[in-house]
Each structure stands twice: as structure tokens, then as C-alpha cells.
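These are the residues of each chain, in order.
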Amino acid sequence: LVIGVSLSGRTHTEFKERVDSPEELAKDIVSFANADGGQLVIGVAADRSIVGVTDRHAVNREVAAVATYCVPPVGFHQHVVAAGTEEGSVVVIGVPKSDLRPHHTPRGAFYVRTTRGPREASGRTLFQMLRGWEIRFDDETPLLHLTVADLDLDAYDHYLDQTRPLALSIDRQR
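Residues numbered from 1 in each chain as written. Predicted model: local features only at pLDDT ≥ 70, side-chain atom pairs only at ≥ 80, totals over all residues. Heavy atoms only, no water.

## Regarding the side chain of Ser98
Then, number 1: For Ser98, the location among the structural elements is in the loop between β4 (90-96) and β5 (111-114).
Then, number 2: Taking relative accessible area as the criterion, Ser98 reaches 14% and is therefore assigned buried.
Then, number 3: If near-sequence neighbours (up to four positions away) are discounted, Ser98 is found in contact with Ala33 and His103. (Helix = DSSP H or I, 4+ residues; strand = E, 2+ residues; numbered from the N terminus. Buried < 20%, exposed > 50% of the residue type's maximum accessible area, 1.4 Å probe, protein only. Contact = heavy atoms within 4.5 Å.)

So this is what it looks like as C-alpha cells:
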């Protein structure tokens, strides 16, 4: 753990001595999910010294509650590392890059991860995330493995009757 704490960078790892507030925790979780993923290490001070957490179960419950209340909920995994300190253990929360981006905090704020930590996402960044989804409407979704025999031709004929433009007579002799 000591080697990992000393070598990890800011883009994919955030160190916290403790969970200060649910909103700050949500900001970190959402920023990882909206970017390339990462890990939140709780029980490590800003100077990277291991201080541990005294109640790892309370930390686990708080992380689960906050991740569930993000919109859409953020997937994560967590594990506890015995830090070898009298203060307690270190809780590592892994947040993968999400396929359901963009996520926002329960208060409606969108964040992404940068080398300086979480930052509020701009409208352009949100647009790029949404564009990356390749959003399709129901009538644009390919239905693989279907054939013409799977179509309800009576319903299709009825649809065409209702949506066909009116036939216009054109006088071509003018």
C-alpha cells in the first residue's frame, strides 16, 4: 500500500483522510464515472501518510448511499486494506468509467476528472459525452436477426395509409 500511495497520480486516484461530506464524496464518485474511472482512497492524508479510518463499515455505508443517489446511480467496488496502523484501515473505492455517462450528484452538478481533481463539467463536455453514446431513436435502432416474416404487414399498411402524403395532381401541360 505504501508504494501505491507514493506513486499514484491525481487523475485516477484521490486521497482523503476521511469522508468530509456526502456532496464532496458524490463529486469525486461522479467525476471518476464521467471520466476514465479511478479510485478514491480513504484513510490517507494529503501528505500521503496513512492515517486509517476508525469505522470502515460507516464509510462503506456512506459510499453505497451516495453512489446510489447519484443520477444515474454509479457502479463501484470497494475493499478494505489493513493499513498496519493503530488508527484503523484504508478503504479503497474503485469507480469504473461508466457507460451511462453523464452522471450528476444528487444536487444536479456534473463533474469530470482532471489532473487537478474534479471540476465542474461544461456544457460542451456534457454534449461530447452524450454524443459519444450514439443516441438513437426507436425507429433508428437496428433489429438484428429479424426478417420480413417478423413484420406485421397489416399494421404496416395501416401506418402507410395514415402517414402517406396526399397525392397531388400535377398538370404537366402548362
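## A word on the sheet that holds strand β1 (residues 13-16)
Strand pairing within a sheet occurs via backbone hydrogen bonds; the two strands may be parallel or antiparallel.
Then, number 1: The mixed open sheet is built from 4 strands, whose spatial order is β1-β2-β4-β3. What marks the edges here is a single partner per strand, and that holds for β1 and β3 (77-81). With direction set aside, neighbouring strand axes in the sheet form an average angle of 15°.
Then, number 2: Sheet topology note: the β3/β4 ladder contains 5 bridges and is antiparallel. When the bridges of β4 are listed, His77 appears paired with Gly94.
Then, number 3: Here helix α2 (residues 22-34) sits on the sheet and contacts β1, β2 (37-42) and β4; the angle it forms with β2, its principal contact strand, is near 155°. (Pairing = 2+ DSSP bridges. Axes fitted to C-alpha atoms, helices over the stretch in contact; angles between N-to-C directions.)

## A short note on the confidence of the model for the protein chain
Detailed reading of the predicted model is not advised wherever pLDDT is low.
Then, number 1: Chain-level pLDDT for the protein chain is 82 on average; 78% of the residues reach the 70-or-more range.
Then, number 2: When pLDDT is averaged over each helix and strand of the protein chain, the minimum, 47, is found for helix α1 (residues 2-7) and the maximum, 95, for α2. (pLDDT = per-residue confidence, 0-100.)

## Considering the pairing of strand β6 (residues 117-120)
Then, number 1: With 4 bridges joining them, β5 and β6 adopt antiparallel strand pairing. Its bridge partner being in β6, Val112 is matched across the sheet by Arg119.

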